[in-house]
Amino acid sequence: GAAIQNILLEATHMGLGCCWCAIDPIKERIEAYKELFLLKSYLAPIAVVSIGYPNEVKEFVDRYDEEKVTWY
């Protein structure tokens, strides 16, 4: 997860568009991606990261809600 997050951050920094697409824990997706990418049986894909040049720029939406944060 941390590696994927870093990929997304760097792609964004480079002006690229990106999307983190989860595969795990849905067994059908796992098997489909294993077959598609010819993965060995002992490998388990957890996600796919799609990176490319965006054809639109979305406005930033601040979803931070201080009321949902708890700290001690």
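Since this is a predicted model, take the numbers as computed values, not measurements.

Student: Could you clarify how one ought to interpret the overall build of the protein chain in this entry?
Tutor: The number of helices and strands found in the protein chain is 2 helices and 2 strands. Mapped in sequence order, the helices and strands of the protein chain form the string α-β-α-β. Here the C-alpha atoms of the protein chain give a radius of gyration of 16 Å, more than 25% beyond the 11 Å that 2.2 N^0.38 yields for 72 residues. Over its C-alpha atoms, taken along the principal directions, the protein chain stretches across nearly 45 × 40 × 20 Å.

Student: Please clarify how unusual backbone geometry should be interpreted in this entry.
Tutor: A negative phi angle characterises most non-glycine residues, just as the trans form characterises most peptide bonds. A cis geometry characterises the amide bond from Asp 24 onward to Pro 25, with omega recorded as 15°. In this structure, Pro 25 sits in the loop between strand 1 (17–22) and helix 2 (27–36). Within the chain, Leu 38 stands out as a residue other than glycine whose phi angle is a positive 55°. Among the structural elements, Leu 38 can be located in the loop between helix 2 and strand 2 (47–52). By relative accessible area, Leu 38 is classed as exposed at 75%.

Student: When you look at the packing of aromatic side chains in this model, what are you seeing that I'm missing?
Tutor: Here the distance between the centres and the angle between the planes together describe a pair of aromatic rings. Summed over the entire model, instances satisfying the criterion amount to 1 aromatic pair. Between Tyr 33 and Phe 37, the ring centres sit 6.0 Å apart and the planes meet at 15°, which makes this aromatic pair stacked. Taking the relative accessible area as the measure of exposure, Tyr 33 reaches 26% and is therefore partly exposed.

Student: Where do I start with a nonpolar patch on the surface in this structure?
Tutor: There is a patch of nonpolar side chains on the surface, built from Leu 36, Phe 37, Leu 39, Tyr 42 and Leu 43 and spanning about 550 Å² of accessible area. When you line up the elements, Leu 43 lands in the loop between helix 2 and strand 2.

Student: Just to check I follow, could you spell out the state of the cysteines for this structure?
Tutor: Each disulfide consists of a covalent bond between the sulfur atoms of two cysteine residues. Taken as a whole and judged by the stated rule, the model has 0 disulfides. This cysteine, Cys 19, is not joined by any disulfide, and Cys 21 carries the nearest cysteine sulfur, 3.8 Å off. A residue is classified by how much of its surface remains accessible, and Cys 19, at 40% relative accessible area, is partly exposed. The partly exposed category is assigned to Cys 21, whose relative accessible area is 32%.

Student: Looking at this structure, how should I read the side chain of Lys 34?
Tutor: Relative to the elements of secondary structure, Lys 34 occurs in helix 2. Although Lys 34 is buried, it makes no salt bridge; Glu 31 carries the closest opposite charge, 4.2 Å away. Among all residues touching Lys 34, those that are not within four sequence positions of it are Leu 39, Lys 40, Ser 41, Leu 43, Ala 44 and Pro 45.

Reading the values: rules and limits
Residues numbered from 1 in each chain as written. Predicted model: local features only at pLDDT ≥ 70, side-chain atom pairs only at ≥ 80, totals over all residues. Heavy atoms only, no water. Helix = DSSP H or I, 4+ residues; strand = E, 2+ residues; numbered from the N terminus. Rg over C-alpha atoms; globule rule 2.2 N^0.38 Å. Buried < 20%, exposed > 50% of the residue type's maximum accessible area, 1.4 Å probe, protein only. Phe/Tyr/Trp six-rings, centres within 6.5 Å; stacked < 30°, edge-to-face > 60°. Patch = residues over 30% accessible without salt bridge, like charges linked within 9 Å, V, L, I, M, F, W, Y side chains within 5 Å. Areas by Shrake-Rupley, 256 points an atom, 1.4 Å probe, with all protein chains shown as cover. Salt bridge = Lys/Arg side-chain N within 4 Å of Asp/Glu carboxyl O. Disulfide = S-S within 2.5 Å. Lys, Arg positive; Asp, Glu negative; His and termini not counted. Contact = heavy atoms within 4.5 Å.

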